[in-house]
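# Coordinates in review
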Amino acid sequence: MKKLFSKYSNYFYIVPWSIIFIGSIFAISQNIGRGIVVICILLAWLLIALKYKFSLEIFFYTLLISSLNITITFSNFGECFVKGVYVNYLCPTVHILDIVMVLNLLLFFALEVIKIKRISEAFKSFKILIPFYIYSVVHIIIHSDLVSIISMLRLNLYLSLIPPFVLVIKTFVNEKKVNKKYFKNFVYLVSILLIQLIIGIFQFTKGRDIGLQLLGESNLLSGTINTSFMSNSLGLFLRSYGTFPHPNILGGFALLIGILGYIFFFEKKKSYYFILLLVSGLIIALTFSRTAIVLYAVLLVFSV
């Protein structure tokens, strides 16, 4: 494969390869099937990064991975049981998205900060977050348990990637002409939505999960205590989860894609936007999420 990066930025790939190796080992040790999925996800990220660098393709891939509820739990490093009962939120857990976001941040700095002309520009985007970074350090010192540390580091990581991704999105939106990228980016977004819509339809019609636990699907059965469902005179209806841990999160994700569609396409390619809005609406309807439905209605009003 062609060398796309400078000789200095290539050194940064020692760290990603190490992260991929360590993450894969932990994932396989817990579940071989899910471990293989994790390896494929991380290697796919590497191939995309090598080809497209820090770009919209990386952003869309991150969106796709955010929809997969794949976690690695470190039960030996936390107090996961209360009176003999397992409590998942007390257990130190790393999401596959956490690993991908770390890789994204490394990629951004490898490609941007290493270039002397872009140093001031890159750090200008992050200086607004400095007060929060300081607060996070104090919080970690006060709350020294591993779960709190991981949660705070995760929040810092996600916030730190907002400026780079906003920069990438603005570059695309500010393009003067409609080009092939518009269709390609539309295909990326609608594909992410369609995956969740198809899974959601099967869950809704069957009233249970469809066996995609390797991709993060929850164990579902309409009418049981740990499953969210609707009940009326017609019977019980499972609210669609997709590959998310709760229907409300799926509804919020579909709404987010709709908003991104508005940002990307409303001004220059409305047909793409309204297709995304339609698919988002179908997903939100299957989740029966009242908050998502209300916000979707607001988005519709702005679209008229």
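Bear in mind the structure is a predicted one, so any value in this text is a computation, not a measurement.

Conventions adopted
- Residues numbered from 1 in each chain as written.
- Predicted model: local features only at pLDDT ≥ 70, side-chain atom pairs only at ≥ 80, totals over all residues.
- Heavy atoms only, no water.
- Helix = DSSP H or I, 4+ residues; strand = E, 2+ residues; numbered from the N terminus.
- Buried < 20%, exposed > 50% of the residue type's maximum accessible area, 1.4 Å probe, protein only.
- 1 Å grid on protein atoms, 1.4 Å probe; cavity = no way out; pocket = protein on both sides within 12 Å on 5 of 7 lines; lining within 4 Å.
- Points joined across faces, edges and corners; volume = space filled by probe spheres on them.
- Nonpolar A, V, L, I, M, F, W, Y, C, P; charged D, E, K, R; others polar.
- Phe/Tyr/Trp six-rings, centres within 6.5 Å; stacked < 30°, edge-to-face > 60°.
- Lys NZ or Arg CZ within 6 Å of the ring centre and 35° of its normal.
- Expected span 1.5 Å × (residues − 1).
- Contact = heavy atoms within 4.5 Å.
- pLDDT = per-residue confidence, 0-100.
- Axes fitted to C-alpha atoms, helices over the stretch in contact; angles between N-to-C directions.
- Parallel < 35°, antiparallel > 145°, perpendicular 65-115°, else oblique.
- Left-handed = near helix turned anticlockwise from the far one by under 90°.

### Here's the deal with the environment of Leu295
Structurally, Leu295 can be placed in helix α12 (residues 290–303). Given the relative accessible area of 42%, Leu295 is considered partly exposed.

### Notes on the layout of surface pockets
Each pocket or cavity is described by its volume, and for the second largest pocket that value is around 420 Å³. In terms of lining, the second largest pocket is formed by 16 residues, of which the most central are Phe59, Leu63, Met101, Phe165 and Leu256. Elements with a minimum of two residues in the lining of the second largest pocket: α3 (56–66), α4 (96–113), α8 (162–173) and α10 (247–265). Grouping the amino acids of the lining of the second largest pocket by side-chain chemistry returns 14 nonpolar, 2 polar and no charged.

### Considerations on the packing of aromatic side chains
The geometry of an aromatic ring pair is captured by the separation of the ring centres together with the interplanar angle, meaning the angle of the planes. According to the stated counting rule, one finds 22 aromatic pairs in the structure shown. Considering the side-chain rings of Phe204 and Phe237, the 5.8 Å spacing of their centres and the 15° angle between planes classify their relative orientation as stacked. Of this pair, Phe204 sits in helix α9 (residues 180–206) while Phe237 sits in strand β6 (residues 235–238), and the two are 33 residues apart along the sequence. Judged by its relative accessible area of 24%, Phe237 falls in the partly exposed class. It is Lys269 that lies over the ring of Tyr272; its NZ or CZ is 5.4 Å from the centre. The ring of Phe266 is capped by Lys270, whose NZ or CZ atom sits 4.6 Å from the centre of that ring.

### Brief notes about α9
With 27 residues, α9 extends 39 Å from end C-alpha to end C-alpha; this agrees with the ideal 39 Å at 1.5 Å per step. The elements touched by buried residues of α9 are α3, α8, β6, α10 and α11 (270–287).

### Looking at the side chain of Glu57
Here Glu57 lies in helix α3. Ignoring sequence-local partners within four residues, the contact set of Glu57 consists of Ile48, Tyr52, Lys184 and Tyr188.

### Observations concerning the confidence of the model for the protein
For the protein, the average pLDDT comes to 81, and 80% of its residues sit at 70 or higher. Low pLDDT (under 50) marks residues 1–8, which in the prediction has 13 contacts with non-local residues, meaning those over four places away or in another chain.

### Re unusual backbone geometry
Positive phi, close to 60°, is recorded for Lys53, a residue that is not glycine. Within the secondary structure, Lys53 is located in the loop between α2 (32–52) and α3. Positive phi values are uncommon outside glycine, yet Phe288 reaches one of about 55°. Looking at the secondary structure, you find Phe288 in the loop between α11 and α12.

### Here's the deal with the packing of α10 against α12
Put simply, α10 and α12 touch, their axes get as near as 10 Å, and they point 10° apart. Here α12 runs roughly parallel to α10, going by the angle between their axes. α12 is crossed by α10, and the crossing has left-handed handedness. Contacts from Gly251, Gly252, Leu255, Gly258, Ile259 and Tyr262 of α10 reach α12 at Ala292, Leu295, Tyr296, Leu299, Phe302 and Ser303. Residue composition of the contact of α10 with α12, grouped by class: 8 nonpolar, 4 polar and no charged.

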